[in-house]
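# Observations on the three-dimensional arrangement
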Amino acid sequence: MSYSSIFKKINSSFVTKSCVATVGLTSSFLLYTQTLSADALTAAEHGLHPPKFNWPENGFTQTYDHNSIRRGYQVYREVCASCHSLDRVYWRNLVGVSHTNSEVRDMAAEFEYDDEPDENGNPRKRSGKLADNILGPYPNEQAARAANQGALPPDLSLITRARHGNADYVFALLTGYPEENPAGVVLPPGSNYNPYFPGGAIAMGRVLFDDLVEYEDGTPATTSQMAKDVTEFLTWAADPFQDERKRLGLKTISILSALYFLSIWTKRFKWASLKNRKFVYNPKK
Amino acid sequence: MSFQSVIYNTFFKRNATYVTAVLFGAFAFQPSYDTFITRFIENNNKGKLWSDVKAKLGASGEDEDEDDE
């Protein structure tokens, strides 16, 4: 190896090492600068982690509590629906889950949908059917923002799947408004303090108060009861096939594990004679 | 004749009976296992299912049964 090739080798490895060191030091420095501001990387910035709640559908064999889904729809309709849409859920999805066919038909009929135009081309309206989706309170995003001081109430169809902490987060957020803001919290105008919301300042105020709705099944409508019911309803809306998936999963996994152990037994049975063979070499004396 | 030899002579001995037993056994097994799992789930979740909600609704929940799936 000549002197110049040795030099090249040393040189290239030196350049590589310098690059790695530069990237490493720069990224460490950038991470460090983030920690210099007071609420960076703290619960105040990212929101408090919600506790794990004992939902009715937790567990391999547990279904949704359909009583709770039914009450949750009532809470959504009477409270949440004044600001939040639910437009990925169709009326027919509720049939056989929380309401009977005729109940859902009546609920859908209270809403007006665009119909085909008449013979003169004038737009017409018709009452809702099972095949329609649930209408939100606003016709478009601009209207929603205008009605809420610039804040957009998110669509709730998939909300429990769209936030860290899922259902736990939604429940913690709904019940997490403190009586009065902690000292030192500075909020932008028109916002409320909620420790579970990232940044702490949320445009939605506390909406659930005891006895806000009257449940038809006589359940006491406490704040946490309503929050639990509406969260259960929204969890179902985001994941409507969970009950069926769990049933099929249990069926599939149980039968496949039985077949798996059967195949192991068969293999051992078939190979037993081969594995236990003994070769003996007896040379002639 | 022992139980095993009865089984053997009825199903396993001849290929025709064996194949027939496998085919019809598969057809019989699927719905029965499905029913078994469904009952297991329903027993595990008594009071939480739609059927329980519907029973609570009483007479108002009785109409149009055939579409409630």
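Residues numbered from 1 in each chain as written. Chains lettered and ligands numbered in written order. Predicted model: local features only at pLDDT ≥ 70, side-chain atom pairs only at ≥ 80, totals over all residues.

## Here's the deal with the overall build of chain B
Definition in use: Strands are runs of DSSP state E lasting at least two residues, helices are runs of H or I lasting at least four, and both sets are numbered from the N terminus onward. Exposure classification rests on a simple neighbour count of other C-beta atoms within 10 Å of a residue's own: a residue reaching 20 or more is buried, one at 12 or fewer is exposed, and one in between is partly exposed. C-beta atoms are placed from the backbone.
A count of helical and extended segments in chain B gives 3 helices and 0 strands. Listing the helices and strands of chain B from first to last along the sequence gives α-α-α. Each of the 69 residues in chain B was classed as buried or not, and the buried ones make up 6%.

## Describing the overall build of chain A
Defined as follows: Throughout, radius of gyration means the C-alpha value; the globule benchmark is 2.2 Å times the number of residues raised to the power 0.38.
Of regular secondary structure, chain A possesses 9 helices and 4 strands. Of the regular secondary structure in chain A, the N- to C-terminal order runs α-α-α-α-α-β-β-α-α-β-β-α-α. Its C-alpha atoms give chain A a radius of gyration of 31 Å, more than 25% over the compact-globule value 19 Å for 285 residues. If one aligns the C-alpha atoms of chain A with their principal axes, the spans along those axes are about 105 × 65 × 55 Å. Within chain A, the fraction of its 285 residues that count as buried is 24%.

## Notes on the interface of chain B and chain A
Convention followed: Remark: residues whose backbone-derived C-beta atoms lie within 7 Å of one another are considered to be in contact. Side-chain classes follow a simple rule in which Ala, Val, Leu, Ile, Met, Phe, Trp, Tyr, Cys and Pro form the nonpolar group, Asp, Glu, Lys and Arg form the charged group, and the remainder, Gly included, forms the polar group.
Taken together, the contact pairs 20 residues of chain B with 20 residues of chain A. Within the residue set of the side of chain B that touches chain A, elements represented by two or more residues are α2 (15–44) and α3 (50–57) of chain B. Counting residues per element, the side of chain B that touches chain A draws most heavily on α2(B), which supplies 6 residues. Taken together, the residues of the side of chain B that touches chain A sort by class into 7 nonpolar, 4 polar and 9 charged.

## Digging into the nonpolar core
Here is the rule we go by: Only buried Ala, Val, Leu, Ile, Met, Phe, Trp, Tyr and Cys residues enter a nonpolar core, and they are joined through C-beta atoms within 7 Å.
Grouped together as the largest cluster of nonpolar side chains are 39 residues, with contacts concentrated most on Tyr76(A), Val170(A), Leu173(A), Val230(A), Phe233(A), Leu234(A) and Ala237(A). Going through the elements one at a time, α3 (66–78), α4 (91–94), α5 (101–109), α7 (166–175) and α8 (223–238) of chain A together with α3 of chain B are the ones with two or more residues in this core. Ranked by residues supplied to this core, first place goes to α8(A) with 8 residues. Once residues within four sequence positions are removed from consideration, Ala237(A) is found in contact with Leu86(A), Val89(A) and Ser157(A).

## Looking at unusual backbone geometry
Residue and element names in this part refer to chain A. The phi torsion at Asn166 lies on the positive side, around 45°, for a residue other than glycine. Along the chain, Asn166 falls in helix α7. Positive phi values are uncommon outside glycine, yet Asp211 reaches one of about 60°. Within the element layout of this structure, Asp211 appears in the loop between β4 (201–202) and α8.

## Describing the environment of Pro137(A)
Relative to the helices and strands, Pro137(A) is located in the loop between β2 (124–127) and α6 (141–147). Those residues in contact with Pro137(A) that lie beyond four places of it in its chain are Ala81(A), Ser82(A), Cys83(A) and Ser85(A).

## Quick word on the environment of Thr38(B)
Inspection of the secondary structure puts Thr38(B) in helix α2. According to the C-beta neighbour criterion, Thr38(B) is partly exposed, with 13 such atoms within 10 Å.

## Some remarks on the packing of α3(A) against α8(A)
Residues and elements named next belong to chain A. Note the threshold: Convention adopted: a line fitted to C-alpha atoms gives each axis, helices being fitted over their contacting stretch, and angles between N-to-C directions are expressed from 0 to 180 degrees. Angles below 35 degrees are treated as roughly parallel, those above 145 as roughly antiparallel, those between 65 and 115 as roughly perpendicular, and all remaining angles as oblique.
The geometry of α3 relative to α8 is characterised by a closest axis approach of 7 Å and an angle of 100° between their N-to-C directions. Accordingly, the angle class assigned to the pair α3 and α8 is roughly perpendicular. Note on element contacts: α8 touches α3 through Met226, Lys228, Asp229, Val230, Glu232, Phe233 and Trp236, opposite Ser68, Ile69, Arg71, Gly72, Tyr73, Val75 and Tyr76.

## Here we look at the confidence of the model for chain B
Residues and elements named next belong to chain B. Note the cut-off: The pLDDT score gives, residue by residue, the confidence of the prediction method on a 0 to 100 scale.
Per-residue confidence for chain B gives a mean pLDDT of 85, with 84% of residues at or over 70. By mean pLDDT, α3 is the weakest element of chain B at 89, and α2 is the strongest at 94. Across the interface, the model reports ipTM at 0.79; the global pTM reads 0.81.

## Brief notes about the packing of helix α9 (residues 242–275) of chain A against α2(B)
We apply this condition: Handedness of a crossing is defined here by the sense of rotation of the near helix relative to the far one, left-handed for an anticlockwise turn of less than a right angle and right-handed for a clockwise turn.
In the contact formed by α9(A) and α2(B), the axes pass within 10 Å of each other and the chain directions differ by 125°. Our classification of the angle between α9(A) and α2(B) gives oblique. Crossing of α9(A) over α2(B) shows right-handed handedness. Contacts between α9(A) and α2(B) involve Arg247(A), Leu250(A), Lys251(A) and Ile255(A) from the former and Tyr33(B), Asp34(B), Ile37(B), Thr38(B) and Ile41(B) from the latter. Looking at the contact of α9(A) with α2(B) residue by residue, the class counts come to 5 nonpolar, 1 polar and 3 charged.

## A few points about α5(A)
All names here are of chain A. What counts here: By definition, the arc is the one covered by directions from the helix axis to the C-beta atoms.
Along α5, the positions that sit buried rather than exposed are Asn101, Val104 and Ala108. Summarising the axial view, the buried residues of α5 lie within an arc of 65°, below the 170-degree limit, and thus occupy one face. For α5, the elements touching its buried residues are α4.

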